[in-house]
Amino acid sequence: MWNDFIFSVNTVFPLLMMMAVGFAARRFGLLNDVGVRQLNSAVFHIFLPLLLCLNIMDTQVGAEVDLRTLAYAMVAVLLSFAVLFPLSRRVCASPESRGVFIQGIVRSNYAIFGIPLVLQMYPDANHTVAALMVVAVVPLFNVMATIALMLYSGKHVNGWQILRGVLLNPLIIGTVAGFVLWRLQWALPPLVNQPLRSLAGIATPLALFLLGASIDFSKARANARLLTLGVTGRLIVLPLVFLSGAVALGIRDVSLATLIAVFASPTAVSSYPMAQQIGGDADFAAAQVVFTTTFSSLTVFCWIFAFKMLGFLR
């Protein structure tokens, strides 16, 4: 048990520390809103796509792609949205909070928080399933969250705009590029290989640093009942249901760690600006990001410790 506890601490604490440094930098005025947004844009458009691309290219040729885990995650995400659409009508009094409530529970911060979590747990493993999970779940997150927000904001859902947003998502572009180059067995020239890998190495620490810097408790003005339901659903209910299902199907180790990253990560940071742009209770969206990010360090630790102790993670 002690070894399992140490493993869980060693996994979560480095991520928490990088977030804490970002939070402190923001509090001491070393970063402002504009700086955080600009750096987040660089992470999203440059560093994370490059990291995903190189991770896939580093996969050994002939390595199996865990299609079962990818398919399971996609079905689970769609099922979550299907359940929450009617449920939101029961628990949310105002239409503006319904789409935010739905995306706050289902849409995880997988790329920024989840992928570093998997890399921290299994630094020397085959990370193909973790990288390809971006292609599996991020389009679903974007499409379904857009529909939810537009549906309850009264705006018309433009299918072409949704498709364009998915196809031009930098994370998906980086993943697809890496997969194509991996299948073609094309290696980077030595002249550019090291600089690109150095840039990719920035992605994880900078993304977590900025995630901490983005935390702003002053935006937590949403209804306490809805916020409690949203945080509980995101960090406890969804992981309990779908990680239990994954274990029952025999999913283990890196694949299970990837699903932990999908279903136990906090609400996606991008859900806040998306609620502002499309329509919805932006303060509620911000509060969900703040509180799920804050409490996820504890809940993710508990999930990892529990599955490690039960022997599902080696």
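Numbers given for residues are sequential positions, taken from 1 along each chain in its written order. Confidence filtering applies because this is a predicted model: local features only for residues at pLDDT of at least 70, side-chain atom pairs given and counted only at 80 or more, and all residues used for totals across whole chains, interfaces and linings. Side-chain measures were taken over the full set of non-hydrogen atoms in the model, leaving aside hydrogen atoms and water.

Peer 1: Please explain the overall build of the chain as it appears in this structure.
Peer 2: From N to C terminus, the chain includes 14 helices and zero strands. In sequence order, the secondary structure elements of the chain are arranged as α-α-α-α-α-α-α-α-α-α-α-α-α-α. Radius of gyration: C-alpha atoms only; globule rule: 2.2 Å multiplied by the number of residues to the exponent 0.38. Relative to a compact globule of 314 residues, whose C-alpha radius of gyration would be 20 Å, the chain shows 19 Å and is just as compact. For the chain, the spread of C-alpha atoms along the principal axes amounts to about 55 × 45 × 45 Å. Looking at the 314 residues of the chain, the share that counts as buried comes to 54%. In what follows, a contact means two residues having at least one pair of non-hydrogen atoms within 4.5 Å. Long-range pairs, those at least 24 residues apart, make up 86% of the contacts in the chain between residues at least 6 apart in sequence. For the area figures, the Shrake-Rupley method with a 1.4 Å probe applies, and any residue is considered shielded solely by the protein chains shown. Entry remark: accessible area of the chain is about 14,100 Å², with carbon and sulfur atoms responsible for 67%. The helix and strand labels rest on DSSP assignments: H or I over at least four residues marks a helix, E over at least two residues marks a strand, and numbering proceeds from the N terminus. Here's how the labels work: a residue is buried when its accessible area is under 20% of the maximum for its type, exposed when over 50%, partly exposed in between, all with a 1.4 Å probe on protein chains only.

Peer 1: Where do I start with unusual backbone geometry in this structure?
Peer 2: Negative phi is the rule for most residues except glycine; trans is the rule for most peptide bonds. The phi angle at Gln185 is positive, at roughly 55 degrees, despite the residue not being glycine. Mapped onto the elements of the fold, Gln185 is located in the loop between α8 (170-183) and α9 (190-200). Phi at Asp253 is positive, roughly 55 degrees, even though this residue is not glycine. Within the secondary structure layout, Asp253 lies in helix α12 (residues 253-263).

Peer 1: Before we go on, may I ask you to explain the pattern of salt bridges in this structure?
Peer 2: Close approach of charged atoms allows side chains of opposite charge to pair. Any carboxyl oxygen of Asp or Glu that lies within 4 Å of a side-chain nitrogen of Lys or Arg is treated as forming a salt bridge with it. Under the defined criterion, the tally for this structure stands at three salt bridges. With its nearest N and O atoms 2.0 Å apart, the salt bridge here joins Arg26 to Asp33. What makes Arg26 buried here is its relative accessible area of 15%. With a closest N to O distance of 2.7 Å, Asp253 and Arg314 form a salt bridge. In this pair, Asp253 is assigned in helix α12 and Arg314 in the segment after α14 (282-309), connecting sequence segments 61 residues apart. Using a relative accessible area of 68% as the deciding quantity, one classes Arg314 as exposed.

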